[in-house]
Each structure stands twice: as C-alpha cells, then as structure tokens.
Amino acid sequence: MTSPTRERAERAPVPTPTAPTSPAGRWRALPAPLRHLLLAVLALTGVCGLVLVTGDLAALRFAAVGYTLLAIAGLQLLVGGSGQISLGHGAFLMIGAYGMALLVLHQPMLPLAANLAIVVAVSAVAGVAVGTATARLHGPYLAGATLILAVGLPGLAHRYHEFLGGSNGLNIRTAGAPPFLQGIVSTSDWRALVVWTTVLLALTVLATISSGRLGRRMRAVRDDETAAAMSGVPVGSTKVAAFVIASTAGGLAGGLQAYVLGTVTPGSFTLALSLSLIAALVLGGIGSMWGALWAALALVYLEVWASDLAGALDLGRDVENNLPVVFFGVVLILVLRFWPLGIQGLVQRLISRRGSSASAPTP
Amino acid sequence: MRIRRGTTAATSAALTLALLATACTGAGEVAETDAVDLDVAPGVTDDAVVIGSHQPLTGPAAPGYAAVSQGAAAVFDYVNDQGGVNGRRIDYRAEDDAYDPAQTIDVTRELVIEDEIFAMVGGLGTPTHTGVLDYLNDEGVPDVFPSSGALAWNNPEEHPLTYGWQTDYTKEAKIQGEYVAENFAGQSVGYLYQNDDIGVDAQAGLDQYLSEEVVAREHYETEVTDLGSQIAELERSGAEVVVCSCIPAFVALALLEAASIGYEPQWVVSSIGGDTATLQGLLARFTEGSDAEEVPADAFLDGLLITSYLPRVEDTEDEWSQFFIEVHEEYGDGGPLTNTHLFGMTQAVMFAQVLKSAGEDLTRQSLIDALETQEWRGPGLVPFSSSGDDHGGHQGVYVVQYSAGDDIEMVQGPRVTDRSGGPVEEPDFARLSPEELDFHD
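Residues numbered from 1 in each chain as written. Chains lettered and ligands numbered in written order. Predicted model: local features only at pLDDT ≥ 70, side-chain atom pairs only at ≥ 80, totals over all residues.

1. Concerning helix α3 (residues 32–53) of chain A
Inference 1: A rise of 1.5 Å per residue sets the reference length of α3 of chain A, with its 22 residues, at 32 Å; its end C-alpha atoms lie 32 Å apart and thus fit the reference within 8%.
Inference 2: Regarding α3 of chain A, the residues found buried are Arg35, His36, Leu39, Ala40, Val41, Leu42, Ala43, Leu44, Val47, Cys48 and Val51 of chain A. (Helix = DSSP H or I, 4+ residues; strand = E, 2+ residues; numbered from the N terminus. Expected span 1.5 Å × (residues − 1). Buried ≥ 20, exposed ≤ 12 C-beta atoms within 10 Å, placed from the backbone.)

Listed below in structure tokens is the structure:
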C-alpha cells in the first residue's frame, strides 16, 4: 500500500490545506461567502501554477478532476446533505454535455459563458422536473426511480438519431486560448483553467448554500424528517431544492466535460458512470465537500496509477487491463473497513490528532 | 497573508480579463490552425520506432475485438525477430480505452505526449476514433489505418494525416447490392442494420441496386439484445434474402432468432460481422442451456454469404493465410486464430511495409510520402488506395459462401467501386506472396 501516500503527496498542492485558520478570529469574522470566495481564489492560483508548470496531459487530467469534482460535490450535497440517494446522477451529466454540444454545433457564435449559463438553466429545469416527481420517494424507491433515468436517458440518443447522433454521438470543436495568450498557455492548459474557474465558482456557491440556512434545513431533513417538519422546515421543498442544486451541478459538470473532450456519446453516460460517482463519493467521504475532492482525485488518478503499477510489475496484458477496476474496489473496501467516513474521515482524524486547536477546513 | 492576497488579486484580475476577452468570441468559432511541422521523428531512434493504438481490451467490445491488437502484436513480434524494419524494432503499444470515447481521448494523449508515438496505427472503433481525429491531425501525428469502415476517414482536405483502411460501408453495400440483384433476381430483400453510421452508409449503397426489391428495413440498437420483433417483421414481409449490416453478436442473434421461428432466408453478411470463428463461439454461448444446445453452431452458419477483402482463415490454400497461421502458432496468444486476428495482422504487415518504404531517414513526412506513393500488392485481395486525394483504403470486396465444417467457396471474385454512383468493376490486381512482399529486413 504505497500508493495512498503517493496520492496524498501529489494531490497536496491542488486544494488549499494551508487554509489560514491560525489567525482564526479575523478569518472567522468574515462572512461565509467571502471566506469561500477567498479560498476559491487561492485554490485557483494553485491550479494556475500547477497547470503552467506541467504538460498537456496533466492539464487534461486536472480538467477531468475539475469537472468530476463538481459532479461529485453536487451529489455530496444531495446524498450527504439531504440524505437522498440518487443513482441517476450520470443522466444530468449527459443532459449538460449534450446541451453544450448542441449549443456549440447549432449556435457557434454564442460565447462559452453563455453556453454554460444555458446549460445550468436547462439542467436546473430537468432537476425540477425529476425532483418534484421523486420528492415523495424514500430510500430504495428513490434510488430505483433515479436508476431508471440513468438507464433510460442514453436511449434518447438512439431514438433521435438524426439530432443526437446515435451511438457515435456528437463532436464539437471549440475555440482555444485567446490570441494574446497564445504561446504562453496551450489549448489544454486554457481549457483546464476555464474548467477550474467555473468549478471553483460553482463550489463557492455550493459551500455557501451548505453552510447557510438551506444547508441546515437539509441536514435537519436528513436526520429526521418528522422532527424537521415539526420544527417548521418545509420538508418537500427542501428535498426538491437539494435535488435541483445537485442536478444543476451535474449538468454544469457535463457541459464542462463536453467542452474539454470535444465529444459526447451515450456510451460515456451509462449506469456505470452514475454508480462510480456514488462509489467514489463513499470512498472520499460522505458529509464534507473535501470528500468530493478526494473522490474526484481517486476517480481520475487511481486508474492511471494502477495501470502504471501493473506496467511496472510487468504483469500480463489481461491482468494489467483489469487491474484498475480491482484496485479501485480493494482501496474502497480497505478505506471503508478502517475509516468508515472515507478518506476525509482519515484526514480529519490526522488533523485532530495533530492539534486539538486546529479545526477542520470548512468548505 | 497580505502579500498572498495581493498576488491572488492580480492573478484573478488577469484571469477575469482573459475570460472577458474570450467572452466576446463564440465558443464554436474555431480559428484556422497553422500547418503542422512534419519534418520531425518523435519516437524514432536508431534501433526502435514507437507506435501506438487505442483498442478495447476490456469492456463490452473486448471479446470481439481484442483479437485485432493481439494479431497485430504477433506480426510485429515476427517482424522484430527478422531484424525489424530498416534496422529498427517496432515498439507497438496498444492502450485500453474500453470502447469509451472519453477514455480514448485520455489514452491517445498519453500515447502522444508521454509515449511520444511516431504514428497512431489501427485505432479501433467509429465513436472512439472520431473523438481523437481532430487532435491527431492538429498535433501532426500520422493516423494510419483506423479499424472502422466509416466514410469519415477518407477526407484528405480536413484530415490530411488520416488514412482509411477498411472497405467503407457504402462500397461494400454497393457490391452486395449488385451481387444480390444479379444472383437472386426477382426475390424480395430485407435489410437488417445497426442504427448508426453503419446503417446509413450501408443503405446508401444497397439502395442503388435493390430499391425495387426491398420489402423491409429493420434496425437494431447495440444496447438492446433482442431481435425478436425485427426478425418477425422480416419474415412477415416475405423477405427471401436478408442483408445484415451487423456486428458479430447481432449476426449470431439474428440467425438464432430466425431459426427459432423457422424462418430461412438467404443471409448476406458484411465483413464486420462475417468472422465465422467468432460467430461459432457466440452461437455456442448463446445456445448454452437452451433447447438448441445440441445443435452444432456450424449448422446455423451453413450457406451464409459473406463479403471480405482480406485473406480468410478458413481458406487454407491461400499463401497469406498460411503465413498468418504460422505466425500465430509461434507468436500468438495461444487461442484459436480468427479472422479478427487476421484483420490486425494484415494491418501490421501493411504498416511495416510502408515503414520499410519510408527508408532509413524516417520522419513523419517521409512516412506520409511513402504512404502516398506506395504500390500496394496485398495481403488484401482487393486494390488499396492511400494516394494524395483518396485515403479510402481497401477499394472493394469479394463474396464467399460458407458451408458447415469451416469450408468456404469464393462465389464472386474481387470487385471494386466508388462510394457514389460509379459502376461495380472487376479490378486488375495481383498480390505478392509473403516471401516477395518487402515488409521487414
């Protein structure tokens, strides 16, 4: 088990573990949105630096971590925050991705920011539609209902073959770095920066919601619906709100994915995607936004490292190609066996052991 | 703290400005890229050349298609044991993309950036390869012989570095259409096709000859493994000949479904679904535990008409088939040799051949020059085109009839055609034997 340590060493610069909590008084005095925004700006600076010193492949993977992080953070708010299990999160990624691809294909003159705004609106509408229908469902029934979404939605791409491109999907070309930055940042670097800027803005919103009144209501609903209702929390609309926020985050993540990869196919948004998002979230740690970061890193990098490891050990082709899946499973089981709260649980324990005065990072 | 806030403020201001600047231009308005520099030779050393490929080695497409890269690897091993090509070993790196376009993009970048491949050879799949087509051309990586019959690969103006390989679906369908119209004159015809570009392109070809005879057009989705209604509809419409533009799994399903309702049309299967060894395996698996378990898989395949452009493993008289059987015995993966292996093996031979022609001073430009001037003489049975304005690959097909017991008979020799309204013609083409063909030192 050498890789988890390697993992931490490499991922350390991406987030901001050095969150200035020591001059605690002044920092705490700032309003929550401002605090989150400052953290986001700090994180963006870190990502900028990383992107500029690393190559194209790393930039592509950073971007992948970025949009995966956003998708999982939305799911985090839904599952960890409001206690609703969604197995259909991948479907919202698909809505966002196809939305982005169709916009670029049919309205090429719209700027990226407008495309992203439209994608957000469309996925919010989809979230309202699904959320109001499923707000009455609990536990396994909700999981089942959202499962249908993950299984059924990719079928639309085949049904409307002409418009959505069938199993070959849609391919788009998007503008790269602006002319005055050409030569300084490559197209991949630029895409990674755009993704992270958007993702961090969205995360700021998510963190603010989570620490605000709506977040408290969600947690009240999660812990005990009856008690929450008796304290005057509107249970139904809180659950719908959580669902809409999660699906919007998912849709935006999908839009960013389409922007980075330049291709959308139904094959990328299967049930397996929805399930691996949930599995990764459990691995990262339910209940904290930081858990989503570990989850995204695990989802993107565990596979890369596992195949590198298999290559280094000179195992057979068959072993090498199936190892990443096995590796992910083993890590998931081990982490949950020893730290039921996932990687974030482990991190928190290490922090609290080091000094009781230092509190865990908030967003 | 204060200093840091100052720098972050500056950075964020710069970024905001940059974002605002791009906010004015459309996301879909792409500037023309400059011509790429081809006088380079990444991945090439004095004694080795690194080439890459994206292949489905795991996932749903792996059982059918993993054999392509196994076959190619066996031939490259053989070539390396003969001393390589122009003194260089071929280092073939097939990366797994699980047939998922998102993963194809990742592994392709990994190959281009980390492994610094000289060329992409035989990247497999239409949806997967489409996603990296622009990238490879923008980066100046020769994209040689993608393993798919989509028309998109033959577009020299937009993708000058992509050279198609497979006989495209329209050409193949035209020759099928002409064959059916001539040999089954007056009989009703049904189409069964995969509902993507395969179906569209195949119908465009078939309709040129069969638009009067066609009585049913049925399609399937790769996600839905039930052909009950399609086969019932084909039977109801009275189709006596069914042209199946399908991948192997669905050819097997269609044959089983038809047998179960006692429907016995003449099946005509395209090259993509015509690998009988793979079909036998699939049929044996599908019938396991059912009433038809006792029926040998071969019985379902008897009388099948198949179009092909490569040497076939059943044809043990053919010099190239014999050669590939020998290579497989020595360098193969140990399993039975299938026509899918031969697909990758032929690709490998032809790539090694063009590498040989490119000469000692290997650059990407010299590879492209060699491709465009190469006089192709096999192992395929039909002419091959990789000239400046036609990157079409194999130009036609021949027709064989399969009979139980791994026996095939060529019922129509090679024919070539174009992908629009041109005639179907007999080519003047002779192949070289494995000893005569110059593809290794």
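2. Overview of the sheet that holds strand β3 (residues 119–121) of chain B
All names here are of chain B.
Inference 1: In space, the five strands of this open sheet follow the order β2-β1-β3-β4-β5, with parallel pairing throughout. Each having just a single partner strand, β2 (89–96) and β5 (162–163) make up the two edges of the open sheet.
Inference 2: As paired elements, strand β1 (residues 48–55) and β2 share eight bridges and run parallel to each other. When the sheet's bridge partners are listed, glutamine 55 is paired in β2 with aspartate 96. (Pairing = 2+ DSSP bridges.)

3. Here's the deal with the interface of chain B and chain A
Inference 1: Each partner contributes residues to the interface: chain B has 42 residues there, and chain A has 43 residues.
Inference 2: Within the residue set of the side of chain B that touches chain A, elements represented by two or more residues are α1 (2–23), α3 (101–114) and α4 (126–139) of chain B.
Inference 3: With nine residues, α1 of chain B is the largest single contributor of residues to the side of chain B that touches chain A.
Inference 4: Taken together, the residues of the side of chain B that touches chain A break down into 17 nonpolar, 13 polar and 12 charged. (Contact = placed C-beta atoms within 7 Å. Nonpolar A, V, L, I, M, F, W, Y, C, P; charged D, E, K, R; others polar.)

4. Topic: the environment of aspartate 189 of chain A
Residues and elements named next belong to chain A.
Inference 1: Turning to its location among the elements, aspartate 189 is positioned in helix α9 (residues 187–211).
Inference 2: Judged by local crowding, aspartate 189 falls into the buried class, with 24 C-beta atoms found within 10 Å.
Inference 3: The spatial distance from the C-alpha of aspartate 189 to the C-alpha of leucine 52 is 7.2 Å, given a sequence separation of 137 residues.
Inference 4: The residues touching aspartate 189, leaving out its near neighbours within four places in the chain, are Val51, Leu52 and Ala59.

5. Considerations on the confidence of the model for chain A
Residue and element names in this part refer to chain A.
Inference 1: Of all residues in chain A, 90% have pLDDT values of 70 or greater, and the mean over the chain is 84.
Inference 2: Between the elements of chain A, mean pLDDT differs from a low of 40, seen in helix α1 (residues 3–11), to a high of 95, seen in helix α5 (residues 89–106).
Inference 3: Note on residues 1–20: pLDDT under 50 across the span, and 19 contacts to partners over four residues away in sequence or across chains.
Inference 4: Throughout residues 357–363 the model reports pLDDT below 50, and contacts reaching past four residues in sequence, or to other chains, amount to 13 contacts. (pLDDT = per-residue confidence, 0-100.)

6. Here we look at the pairing of strand β12 (residues 390–394) of chain B
It is a general feature of regular strands that their side chains alternate between the two faces of the sheet.
Residues and elements named next belong to chain B.
Inference 1: With respect to burial, β12 is a largely interior element, four of its five residues being buried.
Inference 2: Sheet analysis places strand β11 (residues 384–387) next to β12, joined by three bridges and oriented antiparallel. Bridging from a neighbouring strand, serine 387 pairs with aspartate 390 of β12.
Inference 3: In textbook terms, the turn of a hairpin is the stretch between consecutive antiparallel strands, and for β11 and β12 this stretch comprises two residues.

7. Things to note about unusual backbone geometry
Residue and element names in this part refer to chain B.
Inference 1: Positive phi, close to 50 degrees, is recorded for glutamate 116, a residue that is not glycine.
Inference 2: Among the secondary structure elements, glutamate 116 is positioned in the loop between α3 and β3.
Inference 3: Here the phi dihedral of phenylalanine 145 falls at roughly 55 degrees; this positive angle occurs in a residue that is not glycine.
Inference 4: For phenylalanine 145, a count of 29 C-beta atoms within 10 Å gives the class buried.

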